[in-house]
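# Structural characterization, general
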Amino acid sequence: MDQLAIADRRQLRRKLSFWRLVAIALVLLAGVAAYVYASAGQSGAFGRPHIARVDISGIIQDDRELVERLERIAETDAVKALVISISSPGGTTYGGEVLYKAIRKVAARKPVVSDVRTLAASAGYMIALAGDRIVAGETSITGSIGVLFQYPQIKTLLDKIGVSLEEIKSAPLKAEPSPFHPPSDEAKAVIQAMIDDSFNWFVDLVAERRNMPRPEAVELADGRIFTGRQALKLKLVDELGGDDEIRTFLDSRKVGKDLEIVDWAAPEASLPFGLGALAVSWLKSLGYEAFPALGSLEKIGEEKLFLDGLVSVWQVGNH
């Protein structure tokens, strides 16, 4: 190939690369413009009198962003009421405690309704207790009042493969219970006392918020789950229904039925409208596979779940 052909080919490659970059820039600019437009509309909705709705779903943990969002809802005059929509099997007891207290701070300023959806068990029910009224579906699952502490025991496996662990401790109860040997009776007693203390706090919360004698709350706090219909008979929820019943209750608290319900969602963890994944796809289609750092755009929003400490969670089929 002569020098002129090589020069022409290089020039063609430079032009192609330039137009690829222009195309990517246009896509990103269009996405940013759409995001700004949507954000402006959302900000306008937040500025008008409305009912805020917050979704709490999945495993409950110590969620600082959610707590801060609830604090903003409490302080925002445009928010006339709050609906907590719950679909959760529970989570850490501390995570439920923190959210319960944050919701009660909102309730000190404006009406709060707990909307029990498919499932609000254990710490999920703990959060529901924070509402001024609990509305559940007839077949919703709730209850599972209790506290759990779990840890693995791998001593048998280590014995089979010929591995042992020696330890020197400052006191017998340090780092107990351990997965490397069965717990002593003294260690079991310490953990049980901790569980009982948190359990009693949970039961007191149920008795106080549901206005029932403590012995009655203790009887219901044996870990059982209930349908919405059963929970209503046991006074664990106030009413069966959905949006209409929630609106009727809020109307009784002088929150107009004509007010718009606005979702106060968590901020996006990635580029809006899936633009992160879209940008990666465009780059790959245009031949830019050589930028491994861009792969992180596809991973934004992925989470790893770690539950540590005392847990209030309903677990299916856990024997």
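See the structure above.
The structure reproduced in this document is the subject of the present report.

So, how was this worked out
- Within each chain, residues carry numbers counting from 1 in the order of the written sequence.
- pLDDT decides what is reported in this predicted model: residues at 70 or higher carry local features, side-chain atom pairs at 80 or more are listed and counted, and totals for whole chains, interfaces and linings draw on all residues regardless.
- The side-chain quantities take in all heavy atoms of the structure and omit both hydrogens and water.
- For helices the rule is a DSSP run of H or I covering at least 4 residues; for strands it is a run of E covering at least 2, with both sets numbered from the N terminus onward.
- Each residue gets one of three labels from its accessible area relative to the maximum for its type: buried under 20%, exposed over 50%, partly exposed in between, using a 1.4 Å probe on protein chains only.
- Here a residue-residue contact requires only that any non-hydrogen atoms of the pair lie within 4.5 Å.
- Per-residue accessibility takes into account occlusion by the displayed protein chains alone, with areas from the Shrake-Rupley method and a 1.4 Å probe.
- We score Asp and Glu as negative and Lys and Arg as positive, and we do not count His or the chain ends.
- The salt bridge criterion pairs a side-chain nitrogen of Lys or Arg with a carboxyl oxygen of Asp or Glu, the two atoms within 4 Å.
- In the analysis that follows, any N or O atom pair within 3.5 Å is treated as a polar contact, provided that within protein one partner can donate a hydrogen and the other can accept it, and provided that, for residues neighboring in sequence, both atoms belong to side chains.
- Here, a strand pair is defined by DSSP locating no fewer than two bridges between the strands.
- Handedness of a crossover is defined as follows: with both strands directed away from the viewer, a clockwise route from the first strand across the helix to the second makes it right-handed.
- Any Phe, Tyr or Trp ring, taking Trp's six-membered ring, that has another such ring centre within 6.5 Å forms a pair; planes under 30 degrees apart are called stacked, those over 60 apart edge-to-face, and the others tilted.

## Topic: the overall build of the protein chain
Along the protein chain, the regular secondary structure elements total eleven helices and nine strands. Counting only residues that meet the buried cut, the protein chain has 35% of its 319 residues in that class. Across the protein chain, every contact between residues at least 6 apart in sequence was considered, and the portion connecting residues at least 24 apart equals 77%. Summed over all atoms, the accessible surface of the protein chain reaches about 19,000 Å², with 55% contributed by carbon and sulfur.

## Side note on the side chain of K110
Position of K110 among the secondary structure elements: in the loop between α3 (93-107) and β3 (112-121). Buried and unpaired, K110 has D77 as its nearest opposite-charge partner, separated by 5.7 Å. Within the structure, the side chain of K110 is placed 3.3 Å from the backbone oxygen of A74, a separation counted as a polar contact. Only 2.9 Å separates the side chain of K110 from the backbone oxygen of T76, close enough to count as a polar contact.

## Considerations on the pairing of strand β4 (residues 133-136)
Summarising the sheet, β3 and β4 pair through four bridges and their orientation is parallel. Directly across from V113, in β4, lies its bridge partner R133. Once you follow β3 into helix α4 (residues 123-128) and on to β4, the crossover reads as right-handed. As defined by bridge partners, β4 adjoins strand β7 (residues 239-240) across two bridges and the pair is classed as parallel.

## Structural notes on the packing of aromatic side chains
Following the criterion strictly, the structure yields one aromatic pair and no others. Ring geometry for F149 against Y151: centres 6.4 Å apart, planes inclined by 50°, an arrangement best described as tilted. Using a relative accessible area of 34% as the deciding quantity, one classes Y151 as partly exposed.

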